[in-house]
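Chain by chain, the residues run as shown.
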Amino acid sequence: MSSTVLRPPRNQADPRAIPWWTVQWLILMVPVGVAAVVAYWLLTERPLWLGAVVAVFVAGCVALALVAPRASYRVERWEVTDQAVYTRKGWLTHTWRVAPMSRIQRVDTARGPVQRLFGLADVTVTTASSAGAIKIEALDHEVAAELAERLTAITHATRGDAT
């Protein structure tokens, strides 16, 4: 039996991930909050108690948009060794993913328009697994390019069939 101990991956997302994720959350939450206010204003007789509920709801949406990115930054981790790619994600339920180098089939990088404004990129590692690809999010775009090159070199040098 192996005595290998699974430890948390060492690397975090780039610190610029926090404002990027905040923008993403605001893009989602602001329309939800505006819709709640518009519905209250146009579709009700505007009782005070319902106005208070809507105000608390809108404040909760804004609070979530401001807190969620910081929580994600604190818990999300990744690491690449010569043997595997490791990730850990999730606030309430931590999800660990480990992909042995011999199982990697493809490595992709992606930079959306908002990510480019923040100088960030994602690396997606596709494996021969029914669980799907492993995504390492919010890396400095140069770090992401170097990581993709490193993963490509390691997987080419690793014996295995990736199936």
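See the structure shown above.
What you are looking at is a predicted structure, and each value in this text was computed from that prediction instead of being measured.

Student: I'd like a rundown of the sheet that holds strand S3 (residues 95–100), residues and numbers included.
Tutor: The strand order S1-S2-S3 describes an open sheet built from 3 strands, whose pairing is antiparallel. The open sheet has two edge strands, strand S1 (77–80) and S3, and neither has a second partner. Pairwise comparison of adjacent strand axes, ignoring direction, gives a mean angle of 5° for this sheet. Sheet analysis places S1 next to strand S2 (residues 84–89), joined by 4 bridges and oriented antiparallel. Bridging across to S2, Val-80 finds its partner in Val-85.

Student: Talk me through the pattern of salt bridges; I want residue IDs and the actual numbers.
Tutor: As enumerated under the stated definition, the model contains 6 salt bridges in all. Linking Lys-89 and Glu-137 is a salt bridge whose minimum nitrogen-to-oxygen distance equals 3.0 Å. Highlighted residues: Lys-89 in strand S2 and Glu-137 in strand S6 (residues 134–140), separated in sequence by 48 residues. Its salt-bridge partner being Lys-135, residue Asp-122 comes within 3.7 Å of it at the nearest N-O pair. In this pair, Asp-122 is assigned in strand S5 (residues 120–127) and Lys-135 in strand S6, connecting sequence segments 13 residues apart. Overall, Asp-122 belongs to the buried group, its relative accessible area being 6%. Residue Lys-135 is classed as partly exposed on the basis of its relative accessible area, which comes to 38%. Salt bridges sharing partners connect three or more residues here, namely Asp-14, Arg-16 and Asp-140.

Student: How would you sum up the pairing of S6? Please name residues and give values.
Tutor: For S6, the tally of buried residues reaches 5 of 7 residues, placing the bulk of the element in the interior. Relative to S6, S5 runs antiparallel, the two sharing 5 bridges. Within S6, the position partnered with Leu-120 by the bridge is Asp-140. Where S5 hands over to S6, the hairpin turn is made up of 6 residues, of which Gly-132 adopts a positive phi near 95°.

Cut-offs applied
- Residues numbered from 1 in each chain as written.
- Predicted model: local features only at pLDDT ≥ 70, side-chain atom pairs only at ≥ 80, totals over all residues.
- Heavy atoms only, no water.
- Pairing = 2+ DSSP bridges.
- Helix = DSSP H or I, 4+ residues; strand = E, 2+ residues; numbered from the N terminus.
- Axes fitted to C-alpha atoms, helices over the stretch in contact; angles between N-to-C directions.
- Salt bridge = Lys/Arg side-chain N within 4 Å of Asp/Glu carboxyl O.
- Buried < 20%, exposed > 50% of the residue type's maximum accessible area, 1.4 Å probe, protein only.

Everything listed here is a matter of geometry and, on its own, says nothing about what the molecule does.
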